[in-house]
Number of protein chains: 2
Amino acid sequence: MEKYVIALDAMGGDHAPDAMVQGAIGALRQFEDVRIELAGPEDRLKALVASAGEVRSRIGIIPADEVIGMDDSPMLAVRKKIRSSMVQAMLAVREGRAGAMVSAGSTGALLACGMLRLGRIPGIERPALAPVLPGVKGPWMLIDCGANVDCQPKYLVQFGLMGSVYMKSVMGVADPRVGLVNIGTEVEKGNRLAKETYEKMRAQTSYRFCGNCEAREIPSGDFDVVVTDGFDGNIILKYTEGLAGAMMSMLKESLMASAGTKLGALLCKPGFRDFKKKMDYNAYGGAPLLGVEGAVVKAHGSSGGEAVQNAIRQARTMLEGRVVEKIREGLSGLGGEN
Amino acid sequence: MEKYVIALDAMGGDHAPDAMVQGAIGALRQFEDVRIELAGPEDRLKALVASAGEVRSRIGIIPADEVIGMDDSPMLAVRKKIRSSMVQAMLAVREGRAGAMVSAGSTGALLACGMLRLGRIPGIERPALAPVLPGVKGPWMLIDCGANVDCQPKYLVQFGLMGSVYMKSVMGVADPRVGLVNIGTEVEKGNRLAKETYEKMRAQTSYRFCGNCEAREIPSGDFDVVVTDGFDGNIILKYTEGLAGAMMSMLKESLMASAGTKLGALLCKPGFRDFKKKMDYNAYGGAPLLGVEGAVVKAHGSSGGEAVQNAIRQARTMLEGRVVEKIREGLSGLGGEN
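Here the residue numbers are simple positions, counted from 1 along each chain's written sequence. Just so you know, chain letters begin at A and ligand numbers begin at 1, following the order they were written in. Given that the model is predicted, a residue must reach a pLDDT of at least 70 before its local features are reported, and side-chain atom pairs must reach 80 or more before they are shown or counted; all residues, however, enter totals for whole chains, interfaces and linings. Heavy atoms from the whole structure form the basis of all side-chain values; hydrogens and water molecules are not counted.

Assigned secondary structure in chain A consists of 11 helices and 12 strands. The size measure is the radius of gyration over C-alpha atoms, and the globule rule it meets is 2.2 Å times the number of residues to the 0.38 power. Relative to the globule expectation of 20 Å for 338 residues, the C-alpha radius of gyration of chain A, 21 Å, shows essentially globular dimensions. With the C-alpha coordinates of chain A rotated into their principal frame, the extents come out at 65 × 60 × 40 Å. Per-residue burial for chain A yields a buried fraction of 60% across its 338 residues. Per the convention used, a helix needs a DSSP run of H or I reaching at least four residues, while a strand needs a run of E reaching at least two, with both numbered from the N terminus. The buried label goes to any residue with under 20% of its type's maximum accessible area, the exposed label to any with over 50%, and the partly exposed label to all in between, with areas taken from a 1.4 Å probe on protein chains only.

Glancing now at the interface of chain A and chain B. In this assembly, 53 residues from chain A lie in contact with 53 residues from chain B. Approximately 4900 Å² of surface area, both sides summed, lies buried where chain A meets chain B, with 73% of it carried by carbon and sulfur atoms. Taken as a group, Phe 231, Tyr 239 and Met 250 of chain A account for 15% of the area that chain A buries against chain B, more than any other trio of residues on that side. Definition used for salt bridges: Asp or Glu carboxyl oxygen within 4 Å of a side-chain nitrogen of Lys or Arg. Counting the contacts that link chain A with chain B gives 6 salt bridges. When the shortest N-O distance is used, the salt bridge between Asp 150 of chain B and Arg 192 of chain A registers 3.8 Å. Any N or O atom pair separated by 3.5 Å or less is treated as a polar contact, with the protein-specific requirement of one donor-capable and one acceptor-capable atom, and with residues adjacent in sequence counted only for side-chain atom pairs. If you look at where chain A meets chain B, you find 14 residue pairs in polar contact (both at pLDDT 80 or more). Looking at the side of chain A that touches chain B, the elements with two or more residues in it are β8 (177-182), α7 (192-203), α8 (230-255) and α9 (259-279) of chain A. Counting residues per element, the side of chain A that touches chain B draws most heavily on α8 of chain A, at 21 residues. Of the residues contributing to the side of chain A that touches chain B, the split by class is 30 nonpolar, 13 polar and 10 charged. By definition in these notes, contact holds between two residues if any of their heavy atoms fall within 4.5 Å. The term buried area means the drop in 1.4 Å probe accessible area that two parts suffer when joined, counted for both and summed. Gly counts as polar in this scheme, as do all residues outside two lists: the nonpolar Ala, Val, Leu, Ile, Met, Phe, Trp, Tyr, Cys and Pro, and the charged Asp, Glu, Lys and Arg.

Residue and element names in this part refer to chain A. As summarised here, the arrangement of the 7 strands in space is β3-β2-β1-β4-β12-β11-β5, forming an open sheet in which the pairing is mixed. Single-partner strands in this sheet number two, and they are β3 (59-63) and β5 (128-129). The axes used here are C-alpha line fits, helices contributing only the stretch in contact, and every angle between their N-to-C directions lies in the interval 0 to 180 degrees. In the packing of helix α10 (residues 305-320) onto the sheet, the strands contacted are β1 (4-9), β2 (34-40), β4 (100-103), β11 (287-290) and β12 (295-298), and the crossing angle to β1 comes to about 140°. Between any two strands, pairing holds if DSSP finds at least two bridges.

Laid out in C-alpha cells, this is it:
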C-alpha cells in the first residue's frame, strides 16, 4: 500500500513543527499510498503524532536535533549541521529511504542541500526552483525563479526540459508550450543570453519550444512554461507580489473615496475573495526544485497545515508522474553539448 | 516670450499628423513661452494649423516629406531617410533651432536617431529611455526600459545620475532616492552586473544611492529612481502592463459570477475609473530619452492630442529644469572611470 515515501523537514518554516505534522496527517488521510518520514527532534514529534489515529502507522520519525535557521549561511549550514532536520530529510532521499522531500525552511539552504546532499541528475548542470503561478487561462510555470543568477544558454535549455516534464507529468498539460522570456517576439531580439538560448532551444527535440515570450504575455496563458535565468525569474516572481499588492491598495483607495463605491465594494466582497483565491499561488503547493536526484518541494515559509498538505500531495504527484526519470530521458534530445 | 522651442515629429505615431497638431495647439495655448516647430509635409501641416488661431504665429514648419514607419529597420531608416519628419525634428535640436524634440514614432528609430543625429552628452556612454510610472506613494522612474540590453556597471551608474536629475528637475522630488533592481536587499546579493554596479554606485557622490531595490518594493514608492539594465527594465515595464491587464480580467470574472457582486461592480464603476486613471502612466507624458544632447521625449505610439500635449509640456519642463546641463554637471561626481 505504501507506494510513496516522503521525507518531511518537520522543523522548517514559520509554523514548524505543528503545521508540518498537521499537514502530514492531512496528507496521510488523503492518500493511503503515502508514508511520511518526519525529520526532527524525536520526543517532540512523537508527542505531536500521538493523536494521529489510524494513520500513525504510516508515520516514521528520523531523529534530527539541529535546525537550519533563516539567518544561517546556506552553504555552511548544509555542510556543518549534518544532524539538522533539513539535511536528514534530504539524506533519506539520497539513501533511498524516501523518494521525495518537502521543506518549508530557508530557500537558500534547501538549494544548497539539494545540490550538496542529494546531487544533480547527471547531465543537468543547474537545478532550478520553479513555482507554478496563476494565469488568465490557467497555471503556468516560472523556471528558474532564483536558484541561478548567472546563467549560460545551456542551463536555460535544460530548464525548458524540466519545466515541460513537470507541467506534463504533474499538472496534466498534454504538450506544454515552452517560451523564453525576452523583450520582443522576433528571433533577433534580446540580450546575448536570450539570443544564444533561442538558437539552442529551437534546435532541441525534447520539448515544444514556442519562441520568445514577451513579459506582457506572461500572465496571458499562452505559455505553460516560461523560461528565464534566476535573476530575471526572481524579479518577475517578486514583482508579481509587489504589483498585485500595490494595485489592490490603489484600487481600495479609489473604492473608499465615495459612499456609493463603498457600498459597491461591500457587495463585491465575495468576488474579491474569489479573486484573491485565484491569485494565491500557494494553492498549487510549493515550488519544485527540479534537476536533483529526487522529488524536492519547497513549501512557502509561512505555510500552515493546508499548504504543507498541498506540498506533500505535489511531491506524491511528482513521484507518481516519474518526473526525475522523465527529465533523465529527455536529456538525450537536447543535443550534444546542449 | 518664446523661451522654449520644441521640435515635433508631426508624422510619428498612430494618429499622426492630426493628434500631433492638436497636441501642439493645446500646448501653445497652455504655455505662452513655447514655440513649436512641426516637422512633416509642408502643405498638409499648413492646412492643419490654419485653424490654430492666435497661437499660429508660434508655429513653424520644418519641411519633411519622408516618414519612418514601424516596419523600417531603425538604424537604416535613420541613416537613409534624412528627409523624414523624425530626423528633421532631431536635426533642429542638433543645429540649435530647437531645444527639445518630441516624437510618437518608432521607439527603436528614435533611439537610433538620438544617438546618431543628436549625439551623446560627453561622458555618458549609453543614453537610456526612462518612463515615469505610477506607484503607491507617487510616480517613480524606471531607467533603462529597453535602450540597452547588454550593460556594463558604469552605464547603470550613469543611469542613476540621469534619473536623479530628471526626478529632481522635472518631477520636483527634492532629493531623489535611487535604487538598484536586485534580488535581495543585502549587499552581496545579485548577479555579476548587480554586484559590481552596487559597489560603484555606493562610491559615487552625485546622487543619493539608497541600495538594492527588490522587485517586490518597486511599486511601493520607497525609491524615486529604479535603475536596471534595458533587458530587465523592459521586462518590468511590459510585465506591469500584462499583469495589470490579467489581474483586471480575472477580477472582472470574479465580480461577474453572481448578481450581488455584479450590482456591487456597477456601483464601484466610478472607483474603477479613478483607479484606471491612476494606473495610466501616459498621464506623466512620454518617456524621456536621457543622455543625449537635448531634451528628447518619446510619446506613446497611440498618443492622442492630450497625450501629445502632455509630452510637449514635459519637454518644456526638461528645458526649464536644465536637465541636460545638470546631467553634464553631475558627471564629475561619478568617479574617474565611473
